[in-house]
Each structure stands twice: as C-alpha cells, then as structure tokens.
Amino acid sequence: MKKYTNKILIITTALVLVASTVFFFIKVSEIKKKIAETTQVLVVGTIHESHETNPNYSYQDIINILGTYNPEVICVEIPPAIFRKELHLKEMVLASIYGFDHNIKVYPIGWQINDRDIESEREAYMLTDDYITKEQIAKSLIQSNRVIHNFVDEYGDMKDILNENKMSYDFFNGWNYDNYFCESDKISISVFGNSCINYFSETRNAEMMKLINRVIKENKGKRIMILTGLEHKHYFDQVLSLQDNVYVLKLKMILPLKNIPATKNMAEYLEKNSPKGYYDNTSNNINQ
C-alpha cells in the first residue's frame, strides 16, 4: 500500500511539474506576443523658434533625443498638404531630415485651417467687449487655480520662462509643465470655447490625433516618436495612455541623452538653412 501511495505521489508530482512547465511557456509566449504587439510612443514637446536661442533646449538636443530613443517611426507637426513641399517649423524639418537620412519612416501629423487668417481673427476679437469680459473671467480662474499658482510660484510666468531661455528639455517635457498646461488649456476652453483665442485647440488636437492613430495602426509594435508643440503634448499623452497595446514613455525614461552627430544634410540645414535633405522625394521610406 505504501509503495502504491508513493507511485501515486510521484506521478502526481510529475504531472504538476509538467503542467507548471507548460503553463510557464504559455505565459512566456503570451508575454512575448504582448510585447511584440505593444507600440512604444514617446511624445516630445518642442518650443519652436525658441530652440534657436535656448542653449538648454537647442536643435542639437532634438537630434540627441531622436538618436537616444532611436525610433522606427517619426511623426512631425507639419500639415500633410505642405509636407516636403514647403518649409515649416524648423525643428520639425530637422527631424524629418533626420528620419530620411537614417532610413526611418516620417509622417506629417500637423493640422491647419485653410484659407483663414487665425492671427488676424484673434487680433480683431481681442478688441471686442466680449473678449475683455471673458478675459477677466479667465484671469480670475487662473489666479484661483492651485496647480497654476504653484507652478508660477516655483518657476515664474510662462512668458518669462521662454524669454529667459534657462529651462531645458526635461523641464518642458516634465510632469509639472504638463500639469500646468493642461490646467491652462481647460480654463481657456471653458471660457472662450474652441475658438481663435486658443487656436481651436480642441479641433487641432482631435485632428492631429486622428493622423497619429493612423500611424500607430500602420506601425504596430514599433517605436514611435511624436514631435509636437508643447501645447499638444499633455493631450496626446493622456489619449494615448488609454489605448490598448500602446505604451507611452516619458522623456526622463531615456535620459541621459547621447551626443548624436548631425548628418551632412542636417548640419547644412542648421548652418546654412539649406533643406536639401527635406525636399528630396526619392526615398522609398517616406509616408505622406
């Protein structure tokens, strides 16, 4: 009876070990499949023309971020209608040239209203009584907002931050700045609606997000970098973080940055404003 019991115990133990091993390999396979299907996205907020004068967030820093993350796909805030036909934001053209020179897919995800002069609309509306009334409401909401108040106490006014050129890429892509801009955007929308005052931010974000989603759908499991103005970053991060099989990285996760040398085309564009690598449409790896 004892020998029979021992045999049962041995057989049971063996079956448990086999089942555990099979379960382990199934789980490992599922994890590997999940990783393979997960699209990594890094949204990088840029400061447009301020890169020209800010030594702490320069065009070279854009190159270093690109080279450190080493994306397989790059999205740039250039409207598709003018992509590779007209020059746009300098850091976006630079990032495009980086992609072309490194055989990386580049997609335009910018948005603009055709046949409308938004700046003129803003200037005209800002002279109206309606704007003056709403501006006072917005100022009151800003002054009573704890997130904005704490941010200004610690870092100063946003105009001063940009003019002083002291803050670096990790600040502009950090948690504090994201929260600040998110709150500012909410107030602007609540008071002025989706209007020329906030450059139709709800529409712009939604339309740009459609283009981004199309890129993600076409490049599942790839490393994607999205370069966009600071005002869009918080929105893209929030929306993307809610999507299945999308993992949103933060810039701090790839620090410290590597020092990446500029290619000849990139150097000539920065030094001589010669966008030779941008206009050349011969590459097979360009998606428009």
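Residues numbered from 1 in each chain as written. Predicted model: local features only at pLDDT ≥ 70, side-chain atom pairs only at ≥ 80, totals over all residues. Heavy atoms only, no water.

Colleague: I'd like a description of helix 9 (residues 175–192), backed by residues and values.
Modeller: For helix 9, with 18 residues, the first-to-last C-alpha span of 26 Å sits near the 26 Å given by 1.5 Å per residue. Turning to helix 9, its buried residues number three or more, namely Y177, D178, Y180, C182, E183, D185, I187, S188, I189, V191 and F192. G193 lies just past helix 9 and shows a positive phi near 70°. (Helix = DSSP H or I, 4+ residues; strand = E, 2+ residues; numbered from the N terminus. Expected span 1.5 Å × (residues − 1). Buried < 20%, exposed > 50% of the residue type's maximum accessible area, 1.4 Å probe, protein only.)

Colleague: Describe the sheet that holds strand 4 (residues 223–229), and please don't skip the residues or the numbers.
Modeller: Taken together, five strands build an open sheet; the order of strands is 3-2-4-1-5 and the sheet is parallel. The sheet is open, and its two edges are formed by strand 3 (105–108) and strand 5 (246–249), each paired on a single side. For this sheet the average axis-to-axis angle between neighbouring strands, irrespective of direction, equals 25°. The sheet contact formed by strand 2 (residues 73–76) and strand 3 spans four bridges and is parallel. Note that in strand 3 the partner of V73 across the bridge is K105. (Pairing = 2+ DSSP bridges. Axes fitted to C-alpha atoms, helices over the stretch in contact; angles between N-to-C directions.)

Colleague: Describe the packing of aromatic side chains, with residues and values.
Modeller: This model, assessed by the stated rule, comprises 18 aromatic pairs. Between the aromatic rings of Y57 and Y169, the centroid separation amounts to 6.1 Å while the plane-to-plane angle is 70°, which identifies the pairing as edge-to-face. Note that Y57 is positioned in the loop between strand 1 (39–46) and helix 2 (59–69) and Y169 in helix 8 (residues 169–172), a separation of 112 residues in sequence. Residue Y57 is classed as buried on the basis of its relative accessible area, which comes to 0%. Grouped by ring-pair contacts, the aromatic residues Y57, F151, Y155, Y169, F171, F172, Y177, Y180 and F181 constitute a single cluster. Between the NZ or CZ atom of K90 and the centre of the ring of Y269, over which it lies, the distance is 5.6 Å. (Phe/Tyr/Trp six-rings, centres within 6.5 Å; stacked < 30°, edge-to-face > 60°. Lys NZ or Arg CZ within 6 Å of the ring centre and 35° of its normal.)

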